[in-house]
Amino acid sequence: SLDVIPGMEYNYDAAVYNLYKDNFKKMTLGTSLMYWMGQENQTDQVIETLKAVQSQFPKLGKEDGLLIMAHGTPDPSNAYYSVIQDRIHTLGMKNVFIYTVEGTPNLEQVIPQLKLHGIKHVTLMPFMMVAGDHANNDMAGNEPDSHKSILEKEGFKVDTYIHGLGENQNIRNLFVERANEAWDALEK
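To start, this report covers the structure provided alongside it. Numbers given for residues are sequential positions, taken from 1 along each chain in its written order. For a predicted model such as this one, the threshold for reporting local features is a pLDDT of at least 70, and the threshold for listing and counting side-chain atom pairs is 80 or more; totals across whole chains, interfaces and linings nevertheless cover every residue. Heavy atoms from the whole structure form the basis of all side-chain values; hydrogens and water molecules are not counted.

1. Some details on helix α3 (residues 80-90)
Part 1 of the reasoning: Residue burial is assigned from relative accessible area. The probe radius is 1.4 Å, only protein chains are included, and a residue is buried under 20% of its type maximum, exposed over 50%, and partly exposed in between. Strands here are runs of E lasting at least two residues and helices are runs of H or I lasting at least four, both read from the DSSP assignment and numbered beginning at the N terminus. All of the buried residues in α3 are Y80, Y81, V83, I84, Q85, R87 and I88.
Part 2 of the reasoning: What makes two residues a contact is simply this: any of their non-hydrogen atoms within 4.5 Å. Close packing links the buried residues of α3 with α2 (45-53), β1 (64-70) and β2 (96-100).
Part 3 of the reasoning: One or two residues past the end of α3 sits G92, with phi positive at roughly 75°.

Structure, rendered in structure tokens:
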């Protein structure tokens, strides 16, 4: 799986797996980048992922904020974004917020938090495998409804970081771990 969270696409993968698993001697499905959250003696993959992606964070001053834009989903797995924000706080990442394009929290829900924390300058960064249409247009575009334009209209100075998670070597290493875990499951 190259899914970031076990959302709708991962549920589809799992359904296909369950449909065909009996047709093979052995078959496995790798987990998404962030699957386990420390439950049942498992690693907290949310913390692992945040530590991996932190390597690309800009240095933040007192009035600087980082908005990490995720995709979001109408699926109940959208709750992962609340867990991610919780782990951001757990790791002591100050003025770092996650928001989504197609779920919650959305940009309108995060803007009051920026103001509450006295943030004047924001860096927008995608939390998606590829910096595609959502990153280039919804997040960083010049249209009046882009996130960049909305934040500038709200009085923030805005910078953008247009690189997908797939460009981060630390994140790629985590995906290799997930693939190896799936391979190891076949070996048993």
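2. A short note on the packing of aromatic side chains
Part 1 of the reasoning: The rule is short: rings of Phe, Tyr and Trp, with Trp giving its six-membered ring, pair when the centres are within 6.5 Å, and they are stacked under 30 degrees, edge-to-face over 60, tilted in between. Here the structure, examined in full by the defined rule, presents two aromatic pairs.
Part 2 of the reasoning: Taken together, a centroid distance of 5.2 Å and an interplanar angle of 75° make the contact between Y35 and W36 edge-to-face.
Part 3 of the reasoning: An aromatic cluster is present here, built from Y10, Y35 and W36 joined pairwise through their rings.

3. Quick word on the environment of N136
Part 1 of the reasoning: Mapped onto the elements of the fold, N136 is located in helix α5 (residues 133-139).
Part 2 of the reasoning: Separated by 91 residues in the primary sequence, N136 and Q45 place their C-alpha atoms 27 Å from one another.
Part 3 of the reasoning: Residues in contact with N136, not counting those within four places in the same chain, are A131, G141 and I162.
Part 4 of the reasoning: Here a polar contact is taken to be a pair of N or O atoms separated by no more than 3.5 Å, where protein atoms must pair a possible hydrogen donor with a possible acceptor and residues adjacent in sequence count only if both atoms sit in side chains. Engagement of the side chain of N136 in a polar contact is seen with the backbone oxygen of A131, the distance being 3.0 Å.

4. Section: the nonpolar core
Part 1 of the reasoning: For the purposes of this section, nonpolar cores are sets of buried Ala, Val, Leu, Ile, Met, Phe, Trp, Tyr and Cys residues that join through side-chain atoms within 4.5 Å. In this structure, L33, M34, F57, I84, I98, F127 and I171 are the most contacted members of the largest nonpolar core, which totals 26 residues.
Part 2 of the reasoning: Contributions of two or more residues to this core are made by α2, β1, α3, β2 and α7 (169-187).
Part 3 of the reasoning: Of all the elements, α3 adds the most residues to this core, at five residues.
Part 4 of the reasoning: What F127 contacts, discounting residues up to four positions off in sequence, is V4, M34, T49, V53, I68, M69, A70, I84, I98 and L165.
Part 5 of the reasoning: Among the nonpolar cores identified, the runner-up in size contains 19 residues, and L107, V122, L124 and V158 belong to it.

5. Thoughts on the pattern of salt bridges
Part 1 of the reasoning: By salt bridge we mean one thing: a side-chain nitrogen of Lys or Arg within 4 Å of a carboxyl oxygen of Asp or Glu. Counted according to the given criterion, the structure contains six salt bridges.
Part 2 of the reasoning: A salt bridge links R178 to E48, with the shortest nitrogen-to-oxygen separation between them at 3.1 Å. One end of the pair, R178, is in helix α7; the other, E48, is in helix α2, with 130 residues separating them in the sequence.
Part 3 of the reasoning: What makes R178 buried here is its relative accessible area of 2%.
Part 4 of the reasoning: The class of E48 is partly exposed, set by a relative accessible area of 24%.
Part 5 of the reasoning: Ionic pairing is found between D86 and R87, a salt bridge with its closest N-O pair at 3.0 Å.
Part 6 of the reasoning: Judged by relative accessible area, which is 14%, R87 ranks as buried.
Part 7 of the reasoning: Bridged by salt links that share partners, the residues D44, D86 and R87 form one connected network.

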